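# Remarks on the overall topology
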Amino acid sequence: MTKRALITGITGQDGSYLAELLLGKGYEVHGVIRRSSSFSTGRIDHLYQDPHHPNVPLHLHYGDLSDSSSLMSLVNRIKPDEVYNLGAQSHVMVSFEMPEFTADATGMGNLRLLEAIRHADHPIRFYQAGSSEMFGKVAETPQSERTPFYPRSPYAVAKVFAHWMTVQYREAYNLYAVNGILFNHESPRRGPTFVTRKVTRGIAAILAGREQKLYLGNMDARRDWGYAAEYVDAMWRMLQQPGPDDYVVATGEMHSVREFVEVAFDLVGRDWQDFVEIDARYFRPTEVDELCGDASKARDRLGWTPRTTFRQLIAMMLASDLREAGVDPAQHMTEIALAAATPSPATNAG
């Protein structure tokens, strides 16, 4: 029998990769999109346009995490076997400027969806997209499922609320509900305002002759960066287990923003110090200095391990942004760098 999945945030980076993964596994996939004055389905348009799969079982529905009635209606009408809540206001810096909206979409949105699932007339397995930002001012390194949270932004506070609501509904109502605590995960589909994509797009603009400088904030922040297409496989694996639990998903390696910049410029044979300027406007009111995840539980119980290296990830993103800027990567990246830009398989064996 064909499984049916409902994804909020399907037009985002993770949602698009997850939709691809589930369609490849034979799922019927339904996505929630918000009604707006412009379409933002660019990351999933190719799923409709594949000439080899003219009848892709992908369906989009209007709805919103701020509207409980639309969520209840969708859950009752679609009757999904699995629900993945990837929708949120997910930009940390924006959350300082729009804290109330962030709390509503990222925190209360999760609660509204849990309520819709609790009142459904059929069993549903639920995935909540957590974030390493919840650890904030870290109590220990690396961070595991047992590490206390100390959020340092409105976004992180909202994610902590969503995390504990998921645990509450699991324990109070016996729902199959899990939290995936994903550390930073990037790809060519990453939003352009996130620092990693800002770097690779900035280099592409410089090489295309459209910009002369790249302006960044805190270069000393250190993060655990992985490849998003691999991380959605971990999400799926969490919902295939005999019982629900929470899992950290990470590479276990930590690199600074400065290292990311150094590698990206090195891949095109440039010295980053000739092009990068610090702009205080990009500093957060409260900073998270370092995040590094311990994903041993995911490895042992889910059979999941990351495959793409830090340098491969940057090369992949850079080559994509060069092409998007009309620049031939072969003119600026060495053969070794171009080879590194080839993505590893998105999923693990098994």
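It should be noted that the structure appears before, not after, this text.
Residues numbered from 1 in each chain as written. Predicted model: local features only at pLDDT ≥ 70, side-chain atom pairs only at ≥ 80, totals over all residues. Heavy atoms only, no water.

## Quick word on the overall build of the protein
Keep this limit in mind: Strands here mean DSSP runs of E at least two residues long; helices mean DSSP runs of H or I at least four residues long; both are numbered from the N terminus. We take the radius of gyration over the C-alpha atoms and set the globule estimate at 2.2 Å times the residue count to the 0.38 power. Categorising residues by exposure relies on relative accessible area from a 1.4 Å probe, with only protein chains included: less than 20% of the type maximum marks a residue as buried, more than 50% marks it as exposed, and the intermediate range marks it as partly exposed. Whether two residues are in contact is decided by their heavy atoms, any of which lying within 4.5 Å being enough.
On a plain count of helices and strands, the protein comes out with 12 helices and 13 strands. Since a compact globule built from 350 residues should have a radius of gyration of about 20 Å, the 20 Å found for the protein is in line with a globular shape. Buried positions account for 55% of the 350 residues belonging to the protein. Contacts in the protein between residues far apart in sequence, at least 24 positions, make up 80% of those at least 6 positions apart.

## Side note on the pattern of salt bridges
To keep things clear, this is the line we draw: Whenever Lys or Arg places a side-chain nitrogen within 4 Å of a carboxyl oxygen from Asp or Glu, that contact is recorded as a salt bridge.
Tallying each qualifying case throughout the model produces 23 salt bridges. In this structure, the salt-bridge partner of Asp-104 is Arg-112, at a minimum N-O distance of 2.6 Å. A relative accessible area of 16% means that Arg-112 is categorised as buried. Arg-284 is paired through a salt bridge with Glu-133; the nearest N and O atoms lie 3.4 Å apart. On the criterion of sequence distance, the pair formed by Arg-284 in the loop between β13 (276-278) and α10 (296-302) and Glu-133 in the loop between β5 (125-131) and α6 (154-173) is long-range, its members being 151 residues apart. Looking at Arg-284, the relative accessible area reads 22%, which means it is partly exposed.

## A short note on helix α8 (residues 228-238)
When you tally the buried positions in α8, you get 11 out of 11 residues, the bulk of the element. Among the residues of α8, Ala-228, Ala-229, Glu-230, Tyr-231, Val-232, Asp-233, Ala-234, Met-235, Trp-236, Arg-237 and Met-238 are the ones counted as buried.

## Thoughts on the side chain of His-122
Formally: Pairing of N or O atoms within 3.5 Å defines a polar contact, subject to two protein rules: one partner must be a possible hydrogen donor and the other a possible acceptor, and residues neighboring in sequence count only if both atoms are side-chain atoms.
Note on placement: His-122 falls in the loop between α5 (99-118) and β5. Since its relative accessible area comes to 17%, His-122 is described here as buried. Separated by 3.1 Å, the side chain of His-122 and the backbone oxygen of Pro-80 make a polar contact. In terms of polar contacts, His-122 uses its side chain to reach the side chain of Asp-121, at 3.2 Å.

## Notes on the side chain of Gln-143
Within the secondary structure layout, Gln-143 lies in the loop between β5 and α6. Those residues within four positions of Gln-143 in sequence are excluded, and the remaining contacts are Phe-135, Val-138, Phe-183, Val-248, Leu-291, Cys-292, Gly-293 and Asp-294.

## Focus on helix α1 (residues 13-24)
Stated formally: Each helix should span, by expectation, one fewer than its residue count multiplied by 1.5 Å.
In this model, α1 (12 residues) spans 17 Å end to end at C-alpha, consistent with the 16 Å of a helix rising 1.5 Å per residue. Within α1, 10 of the 12 residues are buried, leaving the element largely enclosed by the surrounding structure. Residues of α1 that are buried include every one of Gln-13, Asp-14, Gly-15, Ser-16, Tyr-17, Leu-18, Ala-19, Leu-21, Leu-22 and Leu-23, and no others. Just downstream of α1 lies Gly-26, where phi reads positive at about 90°.

## Examining unusual backbone geometry
Here the bond from Thr-141 into Pro-142 is cis, since omega is 0°, no more than 30 degrees from zero. Structurally, Pro-142 can be placed in the loop between β5 and α6.

## Focus on the packing of helix α7 (residues 195-207) against helix α11 (residues 310-324)
Stated precisely, the cut-off is as follows: Whenever a helix is involved, its axis is fitted only over the stretch in contact; in every case the axis is a line through C-alpha atoms, and angles between N-to-C directions fall within 0 to 180 degrees. Any angle from 65 to 115 degrees is called roughly perpendicular, while one under 35 is roughly parallel, one over 145 is roughly antiparallel, and all others are oblique. Each helix crossing is assigned a hand: it is left-handed if the near helix lies turned anticlockwise from the far helix by less than a right angle, otherwise right-handed if that turn is clockwise. When residues are grouped by polarity, Ala, Val, Leu, Ile, Met, Phe, Trp, Tyr, Cys and Pro land in nonpolar, Asp, Glu, Lys and Arg in charged, and all others, Gly among them, in polar.
Two elements in contact, α7 and α11, have axes separated by 8 Å at closest approach and are oriented at 45°. Our classification of the angle between α7 and α11 gives oblique. Read as a crossing pair, α7 and α11 show a hand that is right-handed. Of the residues in α11, those in contact with Thr-196, Arg-197, Thr-200, Arg-201, Ile-203, Ala-204 and Leu-207 of α7 are Ile-314, Met-317, Leu-318, Asp-321, Leu-322 and Glu-324. When its residues are assigned to classes, the contact of α7 with α11 shows seven nonpolar, two polar and four charged.

## Describing the sheet that holds strand β2 (residues 28-33)
Two strands in a sheet stick together by hydrogen bonds in their backbones, pointing the same way (parallel) or opposite ways (antiparallel). Let me state the cut-off plainly: We treat two strands as partners when DSSP finds at least two bridges between them.
Overall, parallel pairing links the seven strands, which are arranged β3-β2-β1-β4-β5-β6-β11 in an open sheet. Edge positions in the sheet fall to β3 (58-62) and β11 (247-249), since each of these pairs with one other strand and no more. Between one strand axis and the next, the sheet turns by 20° as a mean value, whatever way the strands run. The strands that α1 touches are β1 (4-8), β2, β3 and β4 (82-85); relative to β1, the one it contacts most, it runs at about 175°.

## A look at the packing of aromatic side chains
Rules: Here is the rule: rings of Phe, Tyr and Trp (six-membered ring for Trp) pair when centre to centre is within 6.5 Å. Planes less than 30 degrees apart are stacked, more than 60 are edge-to-face, and the remainder are tilted. Two limits define a charge over a ring: the Lys NZ or Arg CZ must be within 6 Å of the ring centre, and within 35 degrees of the ring normal.
Evaluation of the coordinates by the stated rule reveals 11 aromatic pairs. Considering the side-chain rings of Tyr-231 and Trp-304, the 5.3 Å spacing of their centres and the 90° angle between planes classify their relative orientation as edge-to-face. One end of the pair, Tyr-231, is in helix α8; the other, Trp-304, is in the loop between α10 and α11, with 73 residues separating them in the sequence. According to the relative accessible area criterion, Trp-304 is buried, its value standing at 1%. Of the aromatic side chains, those joined through ring pairs into one cluster are Phe-135, Phe-149, Trp-164 and Phe-183. Lying across the ring of Trp-236, Lys-25 places its NZ or CZ 3.9 Å from the centre.

Worth remembering: the numbers are spatial, not functional.
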